[in-house]
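Observations on the three-dimensional arrangement
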There are 2 protein chains.
Amino acid sequence: MHLFYQPAAVEYLTEDDSRHAIKTLRLQIGDDIAVTDGHGNRHLAVISTVDSRRCSFRITDTQTTVPRPFSVRICVAPTKNLDRIEWFVEKAVEIGVERISFFFGQHSERRVLKLERLEKIAVAAMKQSLQSFLPRLDEALPFGELLKTSIEEQRFIAHLPTDEPPINLAKRATVNGQYSVLIGPEGDFSDKEIQQAVAAGFQMVTLGSNRLRTETAALTACQLLNFLNV
Amino acid sequence: MHLFYQPAAVEYLTEDDSRHAIKTLRLQIGDDIAVTDGHGNRHLAVISTVDSRRCSFRITDTQTTVPRPFSVRICVAPTKNLDRIEWFVEKAVEIGVERISFFFGQHSERRVLKLERLEKIAVAAMKQSLQSFLPRLDEALPFGELLKTSIEEQRFIAHLPTDEPPINLAKRATVNGQYSVLIGPEGDFSDKEIQQAVAAGFQMVTLGSNRLRTETAALTACQLLNFLNV
């Protein structure tokens, strides 16, 4: 069954989804569809008007999913090459993430990030993976501002400490937590940023012994916290 | 320091790497480089002739890495869209994998796969992540032929069993194993293929509750087995 996304409490599809339903899929009155609101509800519905700009449906049943008992927030510096961060958003949404926040660090090469395309990728990945929750994406903030928004109880910064043996995120994090992980840009965090993060209660962790690209590190942190809670 | 790849026991760079070293990086006689053989050895060396087709070096020291105490082999049906499988190869090599094998299943849309480009991606990812082992990539085989090559002690097929509760790969696999995991094409395995795999000793496992794309499932299996052995 085709899955659509309508975040508002209305019984018609968005303009994009209406066009897709009517022009591409050629759905007809009476056809069954599913519509998620991105907040945990999936409606089973039937098409009631064939309109490629505003396709109406009638809800016949609603299935509600409860949120996971843990939450994963990945805070990442956007990569210079946009493809790489788009890829990260797609994959993180597929495997499961609650929130993705962006920041510009001292060593960030990229200083502009538009969320619109990333939001579309997130919606497509939510539909693709048959989920009912749309993760939250946050506009990029300067690093210092981002730290102020990180109030999760388990906070980590992916960085190799110089004066103590590295500890893997898998060993530091505990199950059923509210997690926040900071992933630096290609040029890594500056010393000052690391000091700021540690002062704000972030624990230094590694994600393994290999040097990972920014987007690989971000996805690995997300995978690892999901697995910890399997 | 710049890392190069020379699988042969010779003291000069490959033609590609020679051009990169001399034309792009403009290295000079006496400059320090590192050269990995992809079999666990990393040589520290100095440039001894500036030749953009055959740049010689002199080894000053060799560091040998031991293989991991476990091995991960991912057997995956190539995706219709080549970008997706290229992405998987890059990411799997970065995070750590011993072998990637390809197969064509009954529901595979893609029926041709050239390894040359994937091998270049694997070499670049090995260098990028500062590893000394180059994972093995196998030419695509028909599914039945692939099964005959899978003699690892812990064999899994990512598929939801219909008549018993799904068990996550994290619960089935045990540490320090030799693992092989089968990941189906976009159209999934056929019933016959699943029967063949089960008859060949593969255990059915899930990779979580979300429906994952082929390349996401392949990377997730790889991540999960790596984490199990952290």
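Residues numbered from 1 in each chain as written. Chains lettered and ligands numbered in written order. Predicted model: local features only at pLDDT ≥ 70, side-chain atom pairs only at ≥ 80, totals over all residues. Heavy atoms only, no water.

Test applied: UniProt positions are given in the numbering used here, feature names are shortened, and annotations may be inferred rather than shown by experiment.
Per an unreviewed UniProt entry, chain A goes by Ribosomal RNA small subunit methyltransferase E and derives from Spirosoma endophyticum. Chain A has a UniProt comment under Subcellular location (unreviewed entry) that states "Cytoplasm". Taken verbatim from the UniProt record of chain A, the Sequence similarities (unreviewed entry) comment is "Belongs to the RNA methyltransferase RsmE family."

A short note on the overall build of chain A
For clarity, the cut-off: Put simply, DSSP marks the helices as runs of H or I at least four residues long and the strands as runs of E at least two long, and each gets a number from the N terminus on. Burial here depends on accessible area, computed with a 1.4 Å probe over protein chains only, as a share of the maximum for the residue type. Under 20% is buried, over 50% is exposed, and the range in between is partly exposed. Contacts between residues were defined by any pair of non-hydrogen atoms, one from each residue, lying within 4.5 Å. To be clear on the numbers: accessible area is Shrake-Rupley with a 1.4 Å probe, and residue cover counts the displayed protein chains and nothing else. Charged-residue counts in this description rest on Lys and Arg as positive and Asp and Glu as negative, His and the chain ends being excluded. Working definition for charges: the position is that of NZ of Lys, CZ of Arg, CG of Asp or CD of Glu.
A tally of regular secondary structure across chain A gives seven helices and ten strands. Here chain A, with 230 residues, has 54% of them falling under the buried criterion. Contacts spanning at least 24 positions in sequence make up 72% of the contacts within chain A whose residues lie at least 6 apart. Summed over all atoms, the accessible surface of chain A reaches about 10800 Å², with 50% contributed by carbon and sulfur. When the 27 positive and 29 negative side-chain charges of chain A are each reduced to one mean point, those points stand 2 Å apart.

Thoughts on the relation of the copies chain B and chain A
What counts here: Superposition of the copies used a least-squares fit over C-alpha atoms from residues whose pLDDT is at least 70 in both.
The two copies are related by a screw operation: chain B maps onto chain A through 180 degrees of rotation and 0.0 Å of translation along the axis, at an RMSD of 0.0 Å. Taken together, these values place the two copies in the relation of a two-fold axis. Comparing contact sets, 100% of the residues at the interface of chain B also lie at the interface in chain A, consistent with an isologous, same-surface contact.

Side note on the interface of chain B and chain A
Where we set the bar: Once two parts are put together, the accessible area they lose, assessed with a 1.4 Å probe and summed over both, is termed the buried area. The salt bridge definition used is simple: a Lys or Arg side-chain nitrogen within 4 Å of an Asp or Glu carboxyl oxygen.
Facing the 27 residues of chain B at the interface are 27 residues of chain A. Each partner contributes to the roughly 2400 Å² buried at the junction of chain B and chain A, and carbon and sulfur atoms together form 51% of this total. On the chain B side of the interface with chain A, the three residues burying the most area are Q128(B), R211(B) and F227(B), jointly 25% of the side's total. A salt bridge links R84(A) to E90(B); its shortest N-O distance comes to 2.8 Å.

So, the sheet that holds strand β8 (residues 154-158) of chain A
Residue and element names in this part refer to chain A. Cut-off, in case you're wondering: Note on pairing: two strands pair once DSSP finds at least 2 bridges between them. Angles run from 0 to 180 degrees between N-to-C directions of axes, and those axes are lines fitted to C-alpha atoms, restricted for helices to the stretch in contact.
Spatial ordering of the open sheet is given by β7-β6-β5-β9-β8-β10, a layout of six strands whose pairing is parallel. If you trace the sheet from one side to the other, it starts and ends with β7 (136-142) and β10 (203-205), each paired once. With strand direction ignored, the average angle separating the axes of adjacent strands in the sheet is 25 degrees. Sheet topology places β8 next to β10; three bridges connect them, and they run parallel. Bridge pairing links I157 to M204 in β10. Against the sheet, helix α2 (residues 82-95) contacts β5 (71-76) and β6 (99-104), and its axis sits at roughly 160 degrees relative to β6.

Description of the pairing of strand β3 (residues 41-47) of chain A
Residues and elements named next belong to chain A. In terms of burial, β3 is a largely internal element, six of the seven residues being buried. Where strand β2 (residues 32-36) lies against β3, five bridges are found, and the strand directions are antiparallel. Note that in β3 the partner of T36 across the bridge is R42. In terms of strand pairing, β3 meets strand β4 (residues 57-64) through seven bridges, oriented antiparallel. When the sheet's bridge partners are listed, I47 is paired in β4 with F57.

Some points on the nonpolar core
Rules: Put simply, buried Ala, Val, Leu, Ile, Met, Phe, Trp, Tyr and Cys residues joined by side-chain atoms within 4.5 Å make one nonpolar core.
Membership of the largest hydrophobic core comes to 88 residues, with the highest contact counts inside it found for I74(A), F88(A), I74(B) and F88(B). Residues in contact with I74(A), not counting those within four places in the same chain, are F88(A), V97(A), R99(A), I100(A), S101(A), V181(A), I183(A), A218(A), A221(A) and C222(A). By size, the runner-up hydrophobic cluster in this structure holds 13 residues, among which are F143(A), I194(A), A197(A) and F202(A).

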